[in-house]
Amino acid sequence: MQDWIIEKLSKITPEEEKLLSGDGVEKDLYTTQAEFVVEANKFFQEDDQISIRPHTRFVDFPPHKHNYIEIIYMVKGKTIHTLDQDKVSLDTGEILILNQQVLHSIKKANEGDLAINIVVLPSFFEYTLELFGGNNVIGKFLVQTFRPDKEKSSYLHFKVGEAQPVQNLMENIIIHLINQETMHLKLIKITMALLMME
């Protein structure tokens, strides 16, 4: 990962400053609902289908669900996730993909634990699903995001920290999301499809 990306993600956000001063998680930043369902519209500009944000450190993040697909990429360090009843350690370079059904909590990350959360509406994956079809692990997972089924997997954990093609593709996605250059959504859709193929 390029140094400028690490530097950008290492900056303490205003939310993290409040957490360091002893405040807890501000639910209003994430949801308008009584149940803790993190809402995509809290992170999107109008008409967006995909957005990126640094993972919030310095606090145990309480159990919650999402109304979108979340891709968590561990840039550096590690985070510990509870997904329904499963404990998952996400280490440097690994990817975790969560659908809307999974109940998700996260142990407190320290300053050197850098992750990004990619917030994705299911419709963003229509192109990827066209390429893959629904008869493989990723295809079945994506189909499930369109037709929720409580009996199916609600997350995928990819231990790809040593897979250089995957790391290169993730870095490209992060750069496109940060820079928001012309055609960035098309570039990200194509790159995301390549990532899933890898």
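Residues numbered from 1 in each chain as written. Predicted model: local features only at pLDDT ≥ 70, side-chain atom pairs only at ≥ 80, totals over all residues. Heavy atoms only, no water.

Visitor: Looking at this structure, I do not really get the environment of Thr-128. What am I missing?
Guide: Here Thr-128 shows up in helix 3 (residues 126-132). For the pair Thr-128 and Leu-20, spaced 108 residues apart in sequence, the C-alpha to C-alpha distance is 40 Å. The residues contacting Thr-128, other than those within four sequence positions of it, are Leu-142, Lys-189, Ala-193 and Met-196. (Helix = DSSP H or I, 4+ residues; strand = E, 2+ residues; numbered from the N terminus. Contact = heavy atoms within 4.5 Å.)

Visitor: Help me out: how do you make sense of the nonpolar core in this one?
Guide: Nonpolar side chains in soluble globular proteins generally cluster together in the buried interior. Counting residues in each nonpolar core, the largest one holds 33 residues, and the members touching the most others are Ile-95, Ile-118 and Met-192. Those elements that place two or more of their residues in this core are helix 1 (3-10), strand 4 (69-76), strand 7 (95-98), strand 9 (114-120), helix 4 (137-146), helix 5 (164-179) and helix 6 (184-197). Here the element with the most residues in this core is helix 5; it accounts for seven residues. Aside from chain neighbours lying at most four places away, what touches Met-192 is Ile-50, Ile-71, Phe-124, Phe-125 and Ile-173. (Core = buried A, V, L, I, M, F, W, Y, C linked by side-chain atoms within 4.5 Å. Buried < 20%, exposed > 50% of the residue type's maximum accessible area, 1.4 Å probe, protein only.)

Visitor: Just checking my understanding: could you explain the pairing of strand 3 (residues 61-66) for this structure?
Guide: Each regular strand shows side chains that alternate between the opposite faces of the sheet. Relative to strand 3, strand 1 (residues 37-38) is paired through two bridges, and the arrangement is parallel. Residue pairing across strands places Val-38 opposite His-66, the latter belonging to strand 3. Direction of pairing for strand 3 relative to strand 8 (residues 104-106): antiparallel, over a ladder of two bridges. Counted as the bridge partner of Phe-61 is Ile-106 from strand 8. (Pairing = 2+ DSSP bridges.)

Visitor: Help me understand the sheet that holds strand 5 (residues 78-83), please; the structure alone is not making it clear to me.
Guide: Strand order in the open sheet formed by five strands is 1-3-8-5-6, with mixed pairing between adjacent strands. Two strands in the sheet have a free side with no partner beyond their single neighbour: strand 1 and strand 6 (86-91).

Visitor: I would appreciate a short explanation of the sheet that holds strand 9 in the present structure.
Guide: Paired through their backbone hydrogen bonds, the strands of a sheet run either parallel or antiparallel. Across the sheet, five strands lie side by side as 2-9-4-7-10; this open sheet has antiparallel pairing. Of all the strands in the sheet, the pair left with one neighbour each is strand 2 (50-54) and strand 10 (155-158). Between one strand axis and the next, the sheet turns through 15 degrees on average, direction left out of account. Taken together, the four bridges between strand 4 and strand 7 define a ladder with antiparallel strand orientation. When the sheet's bridge partners are listed, Glu-70 is paired in strand 7 with Leu-98. Taken strand by strand, helix 6 contacts strand 2, strand 4 and strand 7, and its axis lies near 75 degrees from that of strand 2. (Axes fitted to C-alpha atoms, helices over the stretch in contact; angles between N-to-C directions.)

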